[in-house]
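Architecture at a glance
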Amino acid sequence: MLSLILQTQKLGAAGSAGNCTGETDMKRTATLVLAGILAFGAAMPGLAAEGPETPQAGDLNGDGQVSAADAAVVLRAASGALSLDNDAVVAADVTGSLSVNQTDATAILLRASGLLNDFSDLVGKLNGALLGEQFAERFSYLGTIITETAYRSDQVSVTSNIIRRDDSICYVMDIYLRDITSFRTAFSSGEYRGKRETVLQMAEDNEAIVAINGDFYSYRGNGPVVRNGVWYLEDVDDRMDICVLYRDGRLVTYDKGVTLEQIQAGGEAYQSWAFGPRLLDDEGQAMTEFHCNKTILTTNPRAAVGYYSPGHYCFVLVDGRQGSYSKGMTMEQLSQFFYDLGCTAAYNLDGGQTAVMASKRGLVNQPYDGGRTTSDILYIGEPLPGEVAE
């Protein structure tokens, strides 16, 4: 066979220098070679290819397609109900995590439904410090998608929900982040203790996906004040519960009396707020007693932040003082609300007329008496270039 191929190469060289007859001879010989190869391969199939074909990623049943049926196979394997051979394991591990799990099934479903162009689009997206492989279905892999109720990119997922509860209208932003730098804060007028501005103005200036008012830090002389990883004030107000978002994504609420040393021992602080009170105890249970002035325990408009796990948060805004439209919540009702949402920690921010939520579409809620200017916001945005956490 090798001899036949070599002869063809010699004839081809001669034909290229000769006339039309040489070209015809070359074509005839090439045809004979092709026929010989096919016959040789049919007679010795073990030599027809160098090795077995690489399994198609996501195709577990071998039908040449990636479908929900393949995802079902992966789910069974992930649960231990089915054993896969080596080739099937390679095909099932579409996320490249060197294991077969529920996230692989989710990725296969995304691909089958047209929400993922290629499994390679997941590379580098599922190994972040916050969510890892969790909640892959919450994000968009086809570019940024913005609707009336949701924002989806490959880094940020925000879903807006409106809930009627306790004779009040509650706006709940369900937030998933792959990188902690997407959870940002901003000062009014762009500087520490700058001239007060509206929440909407600060949201627009910082291209916020969604924003909520902060703790009105400029109204007090104590803190601590940590914003976007920068310490502005280390004095801790021992009269208030303190909330700290650490760089590893944990949001921790501390009882009043916590010290600066205790806060810093908890990790690298990325954001902090001093207003309160905390709304869930250390076990994530609803509370009935709070560390705050009794005057703010009654029914009022509310702004608060909730925490589920690193990378999963929520902003809550409760309209109030507006008759049958929305009464507002007591602190005890707000605590129970966060517990029912499934949060493990939650913290009350400045409320009343200050309680305002805004998004890229404008004001989200209907602020009491039109709202008022304030000193700071919490907001969600895309990670800034050069600040993406490893």
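Residues numbered from 1 in each chain as written. Predicted model: local features only at pLDDT ≥ 70, side-chain atom pairs only at ≥ 80, totals over all residues. Heavy atoms only, no water.

1. A word on the sheet that holds strand E16 (residues 362-363)
For the record, the criterion: Two strands are said to pair when DSSP picks up at least two bridges between them. Where helices and strands are cited, they refer to DSSP runs of H or I of at least four residues and of E of at least two residues respectively, numbered from the N terminus.
In spatial order, the strands read E5-E17-E6-E15-E16; together these five strands make up an open sheet with antiparallel pairing. Strands at the two margins of the open sheet, each flanked by one partner only, are strand E5 (183-187) and E16. Looking at chain direction, strand E6 (residues 210-213) and strand E15 (residues 357-359) are connected through three bridges and run antiparallel. Its bridge partner being in E15, Ile 212 is matched across the sheet by Met 357.

2. What about the nonpolar core?
Heads up, the condition is: Throughout, nonpolar core names a set of buried Ala, Val, Leu, Ile, Met, Phe, Trp, Tyr and Cys residues whose side chains join them through atoms within 4.5 Å. Summary of the burial criterion: residues with accessible area below 20% of their type's maximum are buried, those above 50% are exposed, and those between are partly exposed, where the area comes from a 1.4 Å probe applied to protein chains only. Note on contacts: a residue pair is in contact if any heavy atoms of the two residues lie within 4.5 Å.
Ranked by size, the top nonpolar core spans 53 residues in total, and within it Val 158, Phe 183, Trp 273, Phe 315 and Ile 380 carry the most contacts. The biggest single contributor to this core is strand E4 (residues 168-177), with six residues. Apart from the residues within four sequence positions on either side, Val 158 is in contact with Thr 149, Ala 150, Tyr 151, Arg 152, Met 173, Asp 174, Ile 175, Ile 209, Val 210 and Ile 380. Core analysis: the next-biggest nonpolar cluster, separate from the first, contains 18 residues, Ala 304, Tyr 308, Val 316 and Ala 346 among them.

3. Details of the layout of surface pockets
For clarity, the cut-off: Only protein atoms enter the 1 Å grid, on which a cavity is a set of points fitting a 1.4 Å probe that cannot get out and a pocket is an open set with protein on both sides within 12 Å along at least 5 of 7 lines, lining residues being those with an atom within 4 Å of a point. Grid points are joined across faces, edges and corners, and a volume is the space filled by probe spheres set on the points.
In this structure, the largest pocket spans a volume of roughly 500 Å³. Taken together, 23 residues make up the lining of the largest pocket; nearest its centre are Phe 275, Ile 296, Asp 350, Gly 351 and Arg 372. Here the second largest pocket defines a volume of roughly 350 Å³. Considering the residues around the second largest pocket, the lining is formed by 20 residues, among which Glu 148, Ser 160, Met 173, Ser 359 and Arg 361 are closest to the centre. For the lining of the second largest pocket, the secondary structure elements donating two or more residues are strand E2 (150-152), strand E3 (156-165), E4 and E16. Take the lining of the second largest pocket: its biggest share by element is four residues, from E3.

4. Describing helix H3 (residues 68-78)
Think of an α-helix as 3.6 residues a turn; residues three or four steps apart then line up on the same face. Stated formally: As used here, the arc is the angular range of directions from the helix axis to the C-beta atoms.
Three or more residues of H3 are buried, namely Asp 70, Ala 71, Val 74 and Ala 77. All buried residues of H3 project into a common sector of 120° when viewed along the axis, lining one side. Packing partners of the buried residues in H3 comprise helix H4 (86-92) and helix H5 (102-112). With its phi angle positive at about 90°, Gly 80 sits one or two positions after the end of H3.

5. Remarks on the pattern of salt bridges
For clarity, the cut-off: Any carboxyl oxygen of Asp or Glu within 4 Å of a side-chain nitrogen of Lys or Arg constitutes a salt bridge here.
One pass over the structure, following the stated rule, counts 13 salt bridges. Here Asp 376 ties to Arg 227 by a salt bridge, and the two come within 3.1 Å at their closest N and O atoms. Of this pair, Asp 376 sits in strand E17 (residues 376-380) while Arg 227 is found in strand E7 (residues 225-227), placing the two residues 149 residues apart along the sequence. Both residues of the pair, Asp 376 and Arg 227, count as buried.

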